[in-house]
Structures are given as C-alpha cells and as structure tokens.
Amino acid sequence: MGDSQKEKGATESWVAKFKMPAIALAVIAVAGFLAFNYLGLENPTGLVTAPLPEPETTANATAEATDSIDVSPMEYAVRQRYFEEVFRPKRDKYDLFEKAAAYLNIPMEDTLEYFSLRNEEEIFADLPPIADDFSEIAYLFANGRYFAIGYLDETYYKHPEFYPGFKEIGLSYWAEPNPKYWTPHGYGSYPAEQWTTLKKGENEEFTAVVFFYTSWGVQTWQGVTLMPDSESLKDFDIRISPQNFLLEATFPKFYEDWAHKIVIMGKLRPDTLPGSYTIAINIEKPPADLRLKWELEHRNMYFDAMASGIAPEGNQIQFNIMVE
C-alpha cells in the first residue's frame, strides 16, 4: 500500500503500512479478552507512510462514532477539516454516563456507583494536557502524511482519541457496558509494521518508534517484555527502550501509563549480507524480579501480557529492511 520513497543523508527512509485492526476475542469464564493489532510504521527523523483505508472507507468506518458526537461530513466543504474533526477529543459531548444509564435502565445517579467514579471527567483525569494541534496531527498520522512521529510526546500518544477505533469501539465500554464480562487482557502496537533501506558502509543503522498501549476496556495491569527473535539477532544489533514496562488499565478510567513510547534502534552486523530481512519483535514474559514486583503492587489485578494465549496475526512489531 503506497510507494516507497528513498531519502538521502543521515535520515533513513521509511514506508509504513496501516491496516484495519485485527481483533481477537475469547471468553474465559466471565472474563472477556479483546486485543487490537494496528500495523504501521514510523521513524523519528523522517519517514514516508502509506495511509489507512481511503477517506471514503474511513468515513464509513467512523459514521457511527461521529453520529454520536455530532460530527457530520455534510457540515464541512473541506474534507480534511472533517477528518480532523473526527479525531478531535470532544469529551464534554460523549455523554457516556447518560447513555450507560439508558442502556442499563438505571437512574443516572447510580451510574457513578456502577463505574466507581465521581464523574465522567474522571475517566480522563490522569492523562496529560492535549496538544493544541492534536486533531490535525492525529489525522495526518492515520493517513500516512506525518513524517516525524518520533517527536510526538505524551500530549498526543497518551490520549485514546489518537488511536483508530476509540470512538467506534472504545467509548462503548462506558456507553453500553456489559456487566457479564470484564476484560483482563489486551494490548496493541501503533504503528507496528515498518520498512526501510540500509546501505552497507554508508547508512547501517535505523531508529523507529512504536506506541504500545492497553486495549479498550482492560481493567488490569499487564507486564510486557519486547524481544527480537533469534533470527533477527543474527543479522542486526537491536536495542529496545524501554524493553520491560507495565501497561496500566484503561477501565473504568485511563491510568497515566496506559500507553508507552517505544524506541527501537538497529544496526547491521559486520557479516550481514545484502538482501531482504525481516526483524520480528514479539512479547515474552517479563523478568522474574519485575513480575514479582508488579504482582506485589497490583496483586490479583496483575497479568503477564502474554498470559492470554492469544496473539495477533503476524508479529507484534515487524521491520522489513532491504540491505544494499
């Protein structure tokens, strides 16, 4: 999807492929599992990306969500303004507790006790301020037109509206809650599949950024260790920072560290031959000392991220590299 564009000099050239989320769903006793895998790419110093589905498809996919927050394509002659508006956080118009009260057929005041919150604003209270140009950047990123993703800070990536699917799916965990199920596992990487070209003796290193986050509706804390596969380490020296981290819950509120910025650096090994390579990075159990620490801190609300036994199709993070 999209053509590769090569950049010269110290800046690596990347191409990102974005796909619609792949969803895995399993029910364990009374627990539901929901995981999303968003595929894409990024480079902190400059990249070329391929977009998500064409705007017409995106418009169809967001129709239900935009109807619920009073955004209509008919109100905008300029298409970009409409799509920027789709990504704009409008938390004062979500009316989640009112919708939940109607859905559950309970009095409005009882929804506070139901969600164990003081008000709807508390859902987002632990998140940082929203960047002034948030909606514009989120739109450009999702459509493969923002080339400096590594410079995005927590005022972007720690807000759920930054990620595809939040307004369509994420808000439903409050607006239409299902008291029969709760979600103990789920995570995503956005973007997760990346392309670049390296040249021996000239440009032998790459740097990429992936945002790793807890899926919607997850009520637990999940320990994550990201590890390259053994085949990748034969041809590349790879550093991941942070490599071990804790994903915090997204329900009934978003906790501060529900999303992390992961920086991945790679370098050709001296004996790596020209050719096409795939670097696969997936999740493993965290080191024993971290698992013990997190279990003591969160007790029965802690899980290893890989404990679900369900993985997204393909690799959690994948780099496709052509070596010349």
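**Brief notes about the sheet that holds strand β5 (residues 187-190)**
Paired through backbone hydrogen bonds, the strands of a sheet run either parallel or antiparallel to each other. Strand order in the open sheet formed by 4 strands is β5-β7-β11-β9, and the pairing between neighbours is antiparallel. Bordering the open sheet on either side are β5 and β9 (236-241), each of which pairs with just one other strand. Across the sheet, the axes of successive neighbouring strands diverge by a mean angle of 25°, strand direction being ignored. Here 4 bridges tie β5 to strand β7 (residues 205-214), and the two strands are oriented antiparallel to one another. Note on β7: the bridge partner recorded for Tyr190 is Phe211.

**Examining helix α6 (residues 134-142)**
Among the 9 residues of α6, 8 are classified as buried, and the element is accordingly described as predominantly covered. Residues of α6 that are buried: Phe134, Ser135, Ile137, Ala138, Tyr139, Leu140, Phe141 and Ala142. Its buried side turned inward, α6 meets α3 (79-87), α7 (154-157), β5 and β7. Gly144, located one to two residues past α6, shows a positive phi value of around 70°.

**Here's the deal with the packing of α3 against α6**
Packing of α3 against α6 brings their axes to within 8 Å, and their N-to-C directions diverge by 105°. Taken as axis vectors, α3 and α6 run roughly perpendicular relative to one another. Within the contact between the two elements, α3 uses Gln80, Phe83, Glu84 and Phe87 and α6 uses Phe134, Ser135, Glu136, Ala138, Tyr139, Leu140 and Ala142. Broken down by class, the residue content of the contact of α3 with α6 amounts to 7 nonpolar, 2 polar and 2 charged.

**A few points about the confidence of the model for the chain**
Put simply, the chain has an average pLDDT of 78, and 75% of its residues get 70 or more. Mean pLDDT per element in the chain: strand β2 (residues 22-28) is the minimum at 25, and strand β10 (residues 244-247) is the maximum at 98. Note on residues 1-69: pLDDT under 50 across the span, and 218 contacts to partners over four residues away in sequence or across chains.

**Things to note about a negative patch on the surface**
On the surface, Asp92, Asp95, Glu98 and Glu121 cluster together into a patch of negative charge. Assignment of secondary structure puts Asp92 in the loop between α3 and α4 (96-104). You can call Asp92 exposed: its relative accessible area is 66%.

**Some remarks on the pattern of salt bridges**
This structure, assessed with the given rule, holds 11 salt bridges. Residues Lys199 and Glu202 are paired through a salt bridge, measuring 3.9 Å at the closest nitrogen-oxygen approach. For Lys199, a relative accessible area of 35% puts it in the partly exposed group. Here Asp304 ties to Arg291 by a salt bridge, and the two come within 2.7 Å at their closest N and O atoms. Of the two residues, Asp304 sits in strand β13 (residues 302-304) while Arg291 sits in helix α11 (residues 288-298), which places them 13 residues apart along the sequence. One network of salt bridges, in which partners are shared, links Glu154, Lys158 and Asp257.

**Quick word on the nonpolar core**
By size, the foremost hydrophobic cluster in this structure holds 43 residues, and its most contacted members are Phe162, Tyr163, Trp174, Phe211 and Phe254. Secondary structure elements with two or more residues in this core: α3, α4, α6, α7, α9 (172-175) and β7. In this view, Tyr163 contacts Tyr157, Tyr190, Phe211, Tyr213, Trp216, Trp258 and Ala259; residues no more than four positions away in its chain are not counted. Grouped together as the second largest cluster of nonpolar side chains are 25 residues, Ala208, Val210, Leu268 and Ile321 included.

**Brief notes about the packing of aromatic side chains**
The tally for this structure, following the rule as stated, stands at 32 aromatic pairs. Between Phe141 and Phe211 the ring centres are 6.3 Å apart and the planes differ by 85°, which places this aromatic pair in the edge-to-face class. Taken as a pair, Phe141 in helix α6 and Phe211 in strand β7 lie far apart in primary sequence, 70 residues in all. Taken as a pair, Phe141 and Phe211 share a single burial class, namely buried. When the ring of Phe206 is compared with that of Phe319, the centres are 5.4 Å apart and the planes differ by 70°; the resulting orientation is edge-to-face. Here Phe206, found in strand β7, pairs with Phe319, found in strand β14 (residues 317-323); they are 113 residues apart in sequence, far enough to count as distant. Take Phe206: its relative accessible area is 1%, and that puts it in the buried class. If you follow Arg91 out to its NZ or CZ, it ends over the ring of Phe124, 4.2 Å from the centre. Against the face of Tyr255 rests Lys253, its NZ or CZ located 5.3 Å from the ring centre.

Scoring rules and cut-offs
- Residues numbered from 1 in each chain as written.
- Predicted model: local features only at pLDDT ≥ 70, side-chain atom pairs only at ≥ 80, totals over all residues.
- Heavy atoms only, no water.
- Pairing = 2+ DSSP bridges.
- Helix = DSSP H or I, 4+ residues; strand = E, 2+ residues; numbered from the N terminus.
- Axes fitted to C-alpha atoms, helices over the stretch in contact; angles between N-to-C directions.
- Buried < 20%, exposed > 50% of the residue type's maximum accessible area, 1.4 Å probe, protein only.
- Contact = heavy atoms within 4.5 Å.
- Parallel < 35°, antiparallel > 145°, perpendicular 65-115°, else oblique.
- Nonpolar A, V, L, I, M, F, W, Y, C, P; charged D, E, K, R; others polar.
- pLDDT = per-residue confidence, 0-100.
- Patch = residues over 30% accessible without salt bridge, like charges linked within 9 Å, V, L, I, M, F, W, Y side chains within 5 Å.
- Areas by Shrake-Rupley, 256 points an atom, 1.4 Å probe, with all protein chains shown as cover.
- Salt bridge = Lys/Arg side-chain N within 4 Å of Asp/Glu carboxyl O.
- Lys, Arg positive; Asp, Glu negative; His and termini not counted.
- Charge placed at Lys NZ, Arg CZ, Asp CG, Glu CD.
- Core = buried A, V, L, I, M, F, W, Y, C linked by side-chain atoms within 4.5 Å.
- Phe/Tyr/Trp six-rings, centres within 6.5 Å; stacked < 30°, edge-to-face > 60°.
- Lys NZ or Arg CZ within 6 Å of the ring centre and 35° of its normal.

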